[in-house]
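# Inside the fold
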Protein chains: 2
Amino acid sequence: MADRLSHVFQALADDTRRDMVARLATGDATVGELAEPYDMSLQAVSKHLRVLEDAGLVSRRKEAQKRPVHLEAEVLDLMTGWIERYRRQAEERFQRLDALLADMADDENPHHEGAAS
Amino acid sequence: MADRLSHVFQALADDTRRDMVARLATGDATVGELAEPYDMSLQAVSKHLRVLEDAGLVSRRKEAQKRPVHLEAEVLDLMTGWIERYRRQAEERFQRLDALLADMADDENPHHEGAAS
DNA sequence: ACCGTATTCAACCAAGAGGTTGACAGCGAT
DNA sequence: ATCGCTGTCAACCTCTTGGTTGAATACGGT
């Protein structure tokens, strides 16, 4: 896996974890609170949180015996940054191809004004 | 894994595959061309492409014995859609919290004009 | 000092991911 | 017809992942 981005994508490549992120977007929550909706042991939830934490998507402060989990939303920008870069690049390439095809169509039936030779 | 989004995130949770997507953003390429930069068997590359294809990120048309691979960039929007939704939600919550804290500070040292009672 | 609550650690297991090698299939060119 | 090029299929291996259970830890309340 190696780099940062891989961990983030990996972390979100799981229904349960995406769901937890969605939940955390509405506010911090303890492990127990987070676990409640799922038919799954608390330990399993704890593991999921660890994955999210390792990806930097989440942080846990300690407060008495509870460990409120907090969404670190800035990390999401890392992803959109990556994605948008290539989406845009592909888009632009598509535009150029489109223009090129339009040109070729012009050459085949030359309705356009001002053509040379 | 179940749903669509999971497959897309999973597909991009790998250095090699993200690299391929980056490469494909500059234009279509055959399996051989894509494989060339990596120290890895052609079969492994083929597998990676299958993952990308199953995620809907890529399509392969057949052209003689070659199989040019094409990036389907629209799928990326699916991700940014998801991500942005929760990033924004978290952001807004943060703003409100910020405002609340400002209010509390006001209450503690009431320098402000027009205070009641 | 002890109890209950909240969470993690450790060992284990089945299934999946990413890689390998070897055999096979599709198609153009000679 | 068969050769060479391009790519996939199949079987196999190893490491990781997502889950389990049982024991341990950390801390507040009584």
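Shown above is the structure to which this text applies.
Residues numbered from 1 in each chain as written. Chains lettered and ligands numbered in written order. Predicted model: local features only at pLDDT ≥ 70, side-chain atom pairs only at ≥ 80, totals over all residues. Heavy atoms only, no water.

Turning to the protein's contact with DNA strand C, a few remarks are in order. Lining the immediate environment of DNA strand C, one finds 22 residues, of which G32(A), S46(A), Q43(B), K47(B) and H48(B) sit closest. In DNA strand C, the atoms that sit within 4 Å of the protein are 54% sugar and phosphate, with bases accounting for the remainder. Backbone polar atom of G32(A) to a phosphate oxygen of DNA strand C: 2.8 Å apart, as the coordinates give it. Between R67(A) and DNA strand C, the recorded distance is 3.1 Å, taken from a backbone N or O atom to a phosphate oxygen. Elements with a contribution of two residues or more to the surface near DNA strand C: α3 (31–35) and α4 (42–54) of chain A together with α4 (42–54) of chain B. The residue makeup of the surface near DNA strand C, split by class, is 6 nonpolar, 9 polar and 7 charged. (Near = heavy atom within 4 Å. Polar contact = N/O pair within 3.5 Å; in protein donor to acceptor, adjacent residues only side chain to side chain. Helix = DSSP H or I, 4+ residues; strand = E, 2+ residues; numbered from the N terminus. Nonpolar A, V, L, I, M, F, W, Y, C, P; charged D, E, K, R; others polar.)

By secondary structure assignment, the location of D14(A) is in the loop between α1 (4–12) and α2 (15–25). Spatially, the C-alpha atoms of D14(A) and H48(A) are 9.3 Å apart, while their sequence positions differ by 34 residues. Excluding residues that lie within four positions of it along the chain, D14(A) makes contacts with H48(A) and S6(B). (Contact = heavy atoms within 4.5 Å.)

Below, the discussion takes up the interface of chain B and chain A. Residue-level contacts link 34 residues of chain B with 34 residues of chain A. Carbon and sulfur atoms make up 64% of the surface buried where chain B meets chain A, a total of about 2,800 Å² over both sides. Counting across the chain B and chain A interface gives 6 salt bridges. For R87(A), the salt bridge goes to D77(B), with nearest N and O atoms at 3.3 Å. (Buried area = accessible area lost by both parts, 1.4 Å probe. Salt bridge = Lys/Arg side-chain N within 4 Å of Asp/Glu carboxyl O.)

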